Amino acid sequence: MGDVTPFLWFDADAEAAIAFYTSLVPDSEVVTIGRYPVEIPGMGGKVMHAHFRLGGRDFLAMDAGPQFPFTEAVSMYVACADQAEVDRYWDALVGAGGQEQPCGWVKDRWGLSWQIIPDRLIELIRDEDPGRSHRAVQAMLTMHRIDIAAVEAAADGS
C-alpha cells in the first residue's frame, strides 16, 4: 500500500504558508518546491508541487486557484503540553493574520483551521467523574484560547 499524505490546495500563496508553518512547528522543513513554468498565465512561478514536513509528518501542497477554499471540515490538530505551548501557537497564528475561533480553534490567514488544544483539556474532558467532565466542557465552550487553569478550576467546581 502507498503512503497516505495530506495535500493542501492553496489559492495562490502556498510558499508563504509553508514557510510560516515550518517556522512555527518544531521538527519541520521544506523538502522540495516545484514551480509552474513562467509561460503559464497567472500561474507562472507559483507552487505547482511542494513537499514539506510539519512535526516530522509529510505534507504536499500546491497553488491552484480559489475554486476549493479550506473549511473547518479539515483542521490541523496541535496537542500542546502546557499553557506556554498553547500561547506560543495561538499568538503566532493570530499574530500572523489569523482569526480566533471558539473552543481553541484558529483560522490562519490562508483559511486553514488549527485546533490548539492542551493535553490537560482532553484529560479533563475524559475524566471518569461525569460532573467534572461536563464542567470542563462547559468552561471550554466559553473560550477562544484555552486557558488550562480556568478549565481546571471549573472542573473542580471553583
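On a predicted model such as this, the values are computed, not experimentally measured, just so you know. (Residues numbered from 1 in each chain as written. Predicted model: local features only at pLDDT ≥ 70, side-chain atom pairs only at ≥ 80, totals over all residues. Heavy atoms only, no water.)

## Considerations on the sheet that holds strand β4 (residues 57–63)
Backbone hydrogen bonds are what pair the strands of a sheet, in a parallel or an antiparallel way.
Move 1: With mixed pairing, four strands are arranged side by side in an open sheet as β1-β4-β3-β2. Edge positions in the sheet fall to β1 (7–10) and β2 (29–35), since each of these pairs with one other strand and no more. Direction aside, neighbouring strands of the sheet carry axes that sit 20° apart on average.
Move 2: Where strand β3 (residues 47–54) and β4 come together, five bridges link them in antiparallel fashion. Residue pairing across strands places A50 opposite A61, the latter belonging to β4.
Move 3: This element, helix α1 (residues 14–24), spans β1, β2, β3 and β4 of the sheet and lies at about 10° to β3. (Pairing = 2+ DSSP bridges. Helix = DSSP H or I, 4+ residues; strand = E, 2+ residues; numbered from the N terminus. Axes fitted to C-alpha atoms, helices over the stretch in contact; angles between N-to-C directions. Contact = heavy atoms within 4.5 Å.)

## Some thoughts on the pattern of salt bridges
Move 1: Going through the model one piece at a time under the given rule, you end up with 10 salt bridges.
Move 2: The closest approach of N and O atoms between K107 and E72, which form a salt bridge, is 2.6 Å. Of this pair, K107 sits in strand β7 (residues 105–107) while E72 sits in the loop between β4 and β5 (75–80), placing them 35 residues apart in sequence. (Salt bridge = Lys/Arg side-chain N within 4 Å of Asp/Glu carboxyl O.)

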